[in-house]
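What the coordinates show
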Amino acid sequence: MRYAALMIGVILAVTGLIACRNQSRSEGKRYDLKGKVVSVDKRGRQVIIAHEAIPDLMDAMTMPFSLKDERELDQLAPDDDIQATLVVAGDRSWLEDLVYSRTSPDPSSEAGPHPAAVPKPGDEVPDLSLINQDGKTIRLHQYRGQALLLTFIYTRCPLPDYCPLMTERFAEIDKALRQDPLMQAKTHLLSISVDPEYDTPKVLRKYGAASTGRGEEEKFDHWEFATGSAERVKDVARYFGLQYFKEGNEIVHSLRTAIIAPDGKLLKIYTGNEWKPSEILSDLRGLNKGE
Ligand SMILES: [Cu+2]
């Protein structure tokens, strides 16, 4: 049995090797990546890899990556050894030229992080509590009457197309909503840090002020930044199906961006980073139509 699995692994490794090298190369900086697959997040279209140090880029850590060819997500399994080229181009990054091999007898028995049960649109979101950038306790139900747009980040995130991109898009949404006093009044944004140890209210305040572009003027009356005890943050993340865990100074995480309607019911959860600010703006405008 083990031999059969090993053979499949070898075949996969061989097929993985037959990557077309003649394609014209996209631009961007390229780095060699070597590591082990920790988990495959098919919904979020990411693979979480514990990788070795990448000279000139980052230390060894475990973190999520996007793939140039997403079909390869179906081929990968926890514990696969993987080698790839990490391409960083502007605010995007992805892996290409994947080579992987499998030696574990049964990948389905791997005890990786289990995908959390994801709530459905229309579900009532529980009154989870967090601590905002001012050190004050906030609760999700206090935003009832407004549409609440939330996402997960951490301020030290090194990959441009994860947290920095979420924050950049939230800044765009915040700005657009502020141009319309009615929409500003009827919406609220919340960025939740999954790194409470480092992202104290003080750190979040500074990060938030820089992110909104209003600096010292920022009153955090439309877009807040929150954290909480490790337990409380875990409760919120788990509810929205966000997977994360700590690895040295980094947090390995997937992406979740949710819209909660003014009645406290879940409208939508966006996974990954493919969504556009315009889609969320139209979701938010749609909620406030017909009132
Ligand atoms: Cu991140």
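Here's a quick rundown of the structure.

Criteria and cut-off values
Residues numbered from 1 in each chain as written. Predicted model: local features only at pLDDT ≥ 70, side-chain atom pairs only at ≥ 80, totals over all residues. Helix = DSSP H or I, 4+ residues; strand = E, 2+ residues; numbered from the N terminus. Buried ≥ 20, exposed ≤ 12 C-beta atoms within 10 Å, placed from the backbone. Contact = placed C-beta atoms within 7 Å. Pairing = 2+ DSSP bridges. Axes fitted to C-alpha atoms, helices over the stretch in contact; angles between N-to-C directions. Parallel < 35°, antiparallel > 145°, perpendicular 65-115°, else oblique. Left-handed = near helix turned anticlockwise from the far one by under 90°. Nonpolar A, V, L, I, M, F, W, Y, C, P; charged D, E, K, R; others polar. Core = buried A, V, L, I, M, F, W, Y, C linked by C-beta atoms within 7 Å. Domains from an automatic or database assignment.

Now for the overall build of the protein chain. Of the regular secondary structure elements, the protein chain holds 6 helices and 14 strands. For the protein chain, the residues scored as buried account for 36% of the 291 residues in total. Long-range contacts, defined here as pairs at least 24 residues apart, represent 68% of the contacts in the protein chain between residues at least 6 apart.

Turning next to the sheet that holds strand β9 (residues 187–193). Note on sheets: strands pair through backbone hydrogen bonds, and any given pair is parallel or antiparallel. With respect to topology, 7 strands assemble into an open sheet ordered β7-β6-β10-β9-β8-β13-β14, the strand pairing being mixed. Both edges of this open sheet fall to β7 (137–139) and β14 (266–271), since each of them pairs with a single strand only. Each strand axis lies, on average, 30° off the axis of its neighbour in the sheet, ignoring direction. Of the pairings in the sheet, the one linking strand β8 (residues 147–153) to strand β13 (residues 256–260) comprises 4 bridges and is antiparallel in character. What sits directly across from Thr-151, in β13, is Thr-257. Its contacts with the sheet put helix α5 (residues 230–240) on β6 (129–132), β8, β9, β10 (223–227), β13 and β14, and the angle it makes with β6 is roughly 120°.

Two numbers describe a pair of packed helices, the interaxial angle and the distance between the axes. For the pair helix α2 (residues 163–178) and helix α6 (residues 277–287), interaxial distance at closest approach is 10 Å and the crossing angle is 40°. In terms of orientation, α2 and α6 fall into the oblique class. Between α2 and α6 the crossing geometry is right-handed. Along its contact with α2, which presents Arg-169, Glu-172, Ile-173 and Ala-176, the element α6 presents Pro-277, Ile-280 and Leu-281. Within the contact of α2 with α6, the residues separate by chemical class into 5 nonpolar, no polar and 2 charged.

Okay, the pairing of strand β4 (residues 81–89) next. The side chains of a regular strand alternate, residue by residue, between the two faces of the sheet. Judged from the 8 bridges that link them, strand β1 (residues 29–41) and β4 form a sheet pairing that is antiparallel. Bridged to Tyr-31 within β4 is Leu-86. Relative to strand β5 (residues 92–101), β4 runs antiparallel, the two being bridged by 8 bridges. Bridge pairing in β5 places Ile-82 opposite Tyr-100.

Glancing now at the nonpolar core. Membership of the largest hydrophobic core comes to 61 residues, with the highest contact counts inside it found for Val-37, Ala-147, Leu-149, Ile-192, Ala-237, Ile-259 and Ile-260. Element by element, the count of residues in this core is highest for β8, at 6 residues. A domain split of this core shows at least three residues from each of domain 1 (2–108) and domain 2 (129–287). Sequence-distant contacts of Val-37, defined by excluding residues within four places in its chain, comprise Val-47, Ile-49, Leu-76, Ala-77, Pro-78, Asp-79, Asp-80 and Ile-82.

Even without being glycine, Asp-56 reaches a positive phi, approximately 70°. If you trace the backbone, Asp-56 turns up in the loop between β2 (46–51) and β3 (61–65). Classification of Asp-56 by C-beta neighbours within 10 Å gives exposed; the count is 7. Unusually for a residue other than glycine, Phe-220 sits at a positive phi of about 55°. Turning to its location among the elements, Phe-220 is positioned in the loop between α4 (201–212) and β10. Residue classification places Phe-220 among the partly exposed residues on the basis of 17 C-beta atoms within 10 Å.

The strand order across the open sheet formed by 5 strands is β3-β2-β1-β4-β5, and the pairing between neighbours is antiparallel. Where the open sheet ends on each side, the last strands, each with one partner, are β3 and β5. Strand-to-strand, the axes of this sheet are offset by a mean angle of 40°, without reference to chain direction.

Along the chain, Arg-45 falls in the loop between β1 and β2. Setting aside chain neighbours within four positions, we find Arg-45 in contact with Ser-66, Glu-70, Leu-73 and Gly-272.

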